Amino acid sequence: MVINRPPMGWNSWNTFGEDINEKVVMETADFIVENGFKEAGYEYVIIDDCWSLRERNEKGELVPDPVKFPHGMKYVSDYVHSKGLKFGMYSCAGTMTCAGYPSSYDHEFVDAKCFAEWGVDYLKYDFCFRPTTTYGHILYKRMALALANCGRDIVFAACSWGAENTKKWIKETGAHTWRSTGDINDSWQSVKMLAQDQLKVMEYNGQGCFNDMDMLIVGMNGKGNVALTGCTVEEYKTHFAFWAMMGSPLIIGCDLRSADEDSLKILKNKALIDIDQDEAYRQPFVLNAFRDFKNENDPLYEDEQLEIPVLARFLSNGDIAIGLFNFSDSDRNISATMDSLGIGECTGKTIEMTDAWTGETVRPVNATIRKNVAAHSCVVYRAKVVDL
Ligand code: GLA
């Protein structure tokens with residue numbers, strides 16, 4: 001099985017952690033359908049860690065916790081499918097999940113069979129408590145093979161946080177996405193850190209196996225399992241825009257049922273979702289890059305380009321996505337030359353740029369894109385190449 005776009009959906013972990021149950025999952029599926037999220041592209045409803053009993057049954061199978069899921073998993077899965085959505089679950093490559101529940105090491109084929117029977121369409125596969133006697137890439141190959149032979153198409157979402165140089169071997173396992181960052185938490189610091197880390201591995205993203213920057217925190221507002229300080233609306237916008245610019249899976253992590261209007265609007269921004277899901281899945285490149293910020297030996301590694309990255313991405317219809325991001329703590333004048341976009345002076349061409357947040361259209365002046373971008377903020381354009 002292959003997938004041709006970064007998955008979009010919702011996952012229980014960021015907000016609910018251990019307090020997950022069928023009511024939350026089913027009501028979230030309802031919300032996704034009734035409030036335009038399905039139409040916007042959100043598709044997978046995913047139950048993360050803590051869904052099972054602490055022991056397997058006598059057949060060696062994982063058992064859904066009957067208090068959290070009194071009707072079993074097939075029931076929840078059928079409900080999600082009845083809404084035209086897809087159903088996701090979670091397990092782990094080690095001997096226990098990260099939260100200490102039984103996990104799939106040495107049970108890969110039994111578990112894959114169970115997931116198939118329950119109608120699972122997506123499996124997030126974590127990396128805690130892995131036996132030291134074997135390598136990470138073998139553990140992911142085991143489950144990939146079990147899933148590929150379970151009789152159902154199941155997206156395999158690897159979650160080894162980039163450990164053991166995941167980027168070098170993940171594609172050979174058959175995983176469809178790989179977590180290219182550590183865990184997110186609901187704070188600006190976390191967004192900034194994950195974004196800057198991603199700049200160093202973005203070239204590994206692409207069709208077939210997408211870099212996954214972790215679930216979104218938009219709308220958490222300091223509440224829930226991975227909550228910390230929360231973010232301002234502007235910071236949530238920058239977070240969402242950066243994930244979209246990078247072509248990451250967009251997996252919502254807030255409680256949609258009680259999220260504020262600003263957050264719901266951010267999560268449904270069509271211009272950004274279109275960039276995220278652009279069918280070419282090309283990677284962004286850094287405009288006006290003077291230094292090799294991917295090279296950790298470069299003495300200027302922690303410099304401007306990590307603080308105010310200016311990114312462009314060539315889209316499938318010839319348009320260009322351009323993102324001016326300000327991760328620094330002060331307002332900054334950010335600029336980029338047309339030349340660095342590939343539009344030289346003698347071409348007779350320029351670009352017409354439509355702001356993804358406001359819908360306003362502007363053209364560069366003097367062959368330079370220039371904008372004052374507030375601290376923690378961003379501007380993202382979709383640019384069309386036009387005659388001067
Ligand atoms: C790890 C993962 C998280 C989440 C938790 C669950 O930390 O990276 O995304 O799934 O485990 O315990």
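Residues numbered from 1 in each chain as written. Predicted model: local features only at pLDDT ≥ 70, side-chain atom pairs only at ≥ 80, totals over all residues. Heavy atoms only, no water.

A word on the overall build of the protein chain. Regarding its fold elements, the protein chain presents 12 helices and 18 strands. Against the globule reference of 21 Å for 388 residues, the protein chain gives a C-alpha radius of gyration of 21 Å, in line with a compact fold. Dimensions of the protein chain, computed from the C-alpha atoms along their principal axes, are close to 75 × 45 × 35 Å. Here the protein chain holds 388 residues, and 58% of them are scored as buried. Contacts spanning at least 24 positions in sequence make up 74% of the contacts within the protein chain whose residues lie at least 6 apart. (Helix = DSSP H or I, 4+ residues; strand = E, 2+ residues; numbered from the N terminus. Rg over C-alpha atoms; globule rule 2.2 N^0.38 Å. Buried < 20%, exposed > 50% of the residue type's maximum accessible area, 1.4 Å probe, protein only. Contact = heavy atoms within 4.5 Å.)

Summed over all chains, the structure comprises 1 disulfide. Of all cysteine sulfurs, the one in C150 lies closest to C114, which takes part in no disulfide; the gap is 11 Å. Residue C114 is classed as buried on the basis of its relative accessible area of 8%. (Disulfide = S-S within 2.5 Å.)

In this section: the site of the ligand. Taken together, the neighbourhood of the ligand is formed by W13, D48, D49, Y90, C98, A99, K124, D126, C159, W161, R179 and D183. In this structure, W161 approaches the ligand through a side-chain N or O atom, which is 2.9 Å from an oxygen atom. When the free accessible area of the ligand is taken as 310 Å², the share hidden by the protein chains comes to 93%. The residue inventory of the shell around the ligand, partitioned by class, reads 6 nonpolar, no polar and 6 charged. (Near = heavy atom within 4 Å. Polar contact = N/O pair within 3.5 Å; in protein donor to acceptor, adjacent residues only side chain to side chain. Areas by Shrake-Rupley, 256 points an atom, 1.4 Å probe, with all protein chains shown as cover. Nonpolar A, V, L, I, M, F, W, Y, C, P; charged D, E, K, R; others polar.)

Let us now look at the side chain of T350. Inspection of the secondary structure assignment puts T350 in strand β15 (residues 349-355). Overall, T350 belongs to the buried group, its relative accessible area being 7%. When near neighbours in sequence (up to four residues on either side) are disregarded, T350 contacts M338, R363, P364, K384, V385, V386, D387 and L388.

A sheet is described by the order of its strands in space; here 6 strands give the open sequence β11-β12-β13-β18-β15-β16, paired in antiparallel fashion. Looking at strand neighbours, the two that pair on one side only are β11 (285-286) and β16 (361-362), the edges of this open sheet. (Pairing = 2+ DSSP bridges.)

Spatial strand order, β8-β6-β5-β4-β3-β2-β1-β10: 8 strands in an open sheet with parallel pairing. Single-partner strands in this sheet number two, and they are β8 (210-212) and β10 (250-252). Between one strand axis and the next, the sheet turns by 25 degrees as a mean value, whatever way the strands run. Two strands pair when backbone bridges link them, and strand β6 (residues 177-179) and β8 are joined in this way by 3 bridges, in the parallel orientation. Within the sheet, the bridge partner assigned to W178 lies in β8 and is N211. (Axes fitted to C-alpha atoms, helices over the stretch in contact; angles between N-to-C directions.)

This part takes up the environment of F87. Within the fold, F87 resides in strand β3 (residues 86-92). The spacing of F87 and I47 is 40 residues in sequence and 8.2 Å in space, taken between C-alpha atoms. Excluding anything up to four places from it in sequence, F87 contacts V45, I47, M73, V76, S77, V80, H81, W118, G119, V120, D121 and Y122.

What follows is about the packing of aromatic side chains. One pass over the full model with this rule turns up 20 aromatic pairs. Seen from their ring centres, F37 and Y42 are 5.6 Å apart, and the 50 degrees between their planes marks the pair as tilted. Ring geometry for F127 versus Y140: centroids 5.6 Å apart, planes at 45 degrees, classification tilted. Of this pair, F127 sits in the loop between β4 (122-126) and α6 (136-148) while Y140 sits in helix α6; the two residues are 13 residues apart in sequence, bridging distant segments of the chain. Across the pair, exposure class does not vary: F127 and Y140 are buried alike. By way of ring pairs, the aromatic residues Y125, F127, Y140, F156, W161 and W169 are connected into one cluster. Positioned over the ring face of Y101 is R54, at 3.9 Å from the centre of the ring. The ring of W357 has K237 lying over it, and the distance from NZ or CZ to the ring centre is 4.9 Å. (Phe/Tyr/Trp six-rings, centres within 6.5 Å; stacked < 30°, edge-to-face > 60°. Lys NZ or Arg CZ within 6 Å of the ring centre and 35° of its normal.)

Two elements in contact, helix α5 (residues 108-117) and α6, have axes whose closest approach is 9 Å; the angle formed by their N-to-C orientations is 40 degrees. By the criterion of interaxial angle, the relationship of α5 to α6 is oblique. Viewed along their axes, α5 and α6 form a crossing whose handedness is right-handed. In this structure, α5 contributes E108, F109, D111, A112 and F115 to the contact, and α6 contributes R142, M143, L145, A146 and L147. (Parallel < 35°, antiparallel > 145°, perpendicular 65-115°, else oblique. Left-handed = near helix turned anticlockwise from the far one by under 90°.)

Bringing the side chain of E22 into the picture now. Checked against the element boundaries, E22 lands in helix α2 (residues 22-34). Of the side chains with opposite charge, K23 lies nearest to the buried E22, which makes no salt bridge, at 10 Å. Residue contacts for E22: discarding those within four places in its chain leaves K68, F69, P70, H71, Y75 and V76. (Lys, Arg positive; Asp, Glu negative; His and termini not counted. Salt bridge = Lys/Arg side-chain N within 4 Å of Asp/Glu carboxyl O.)

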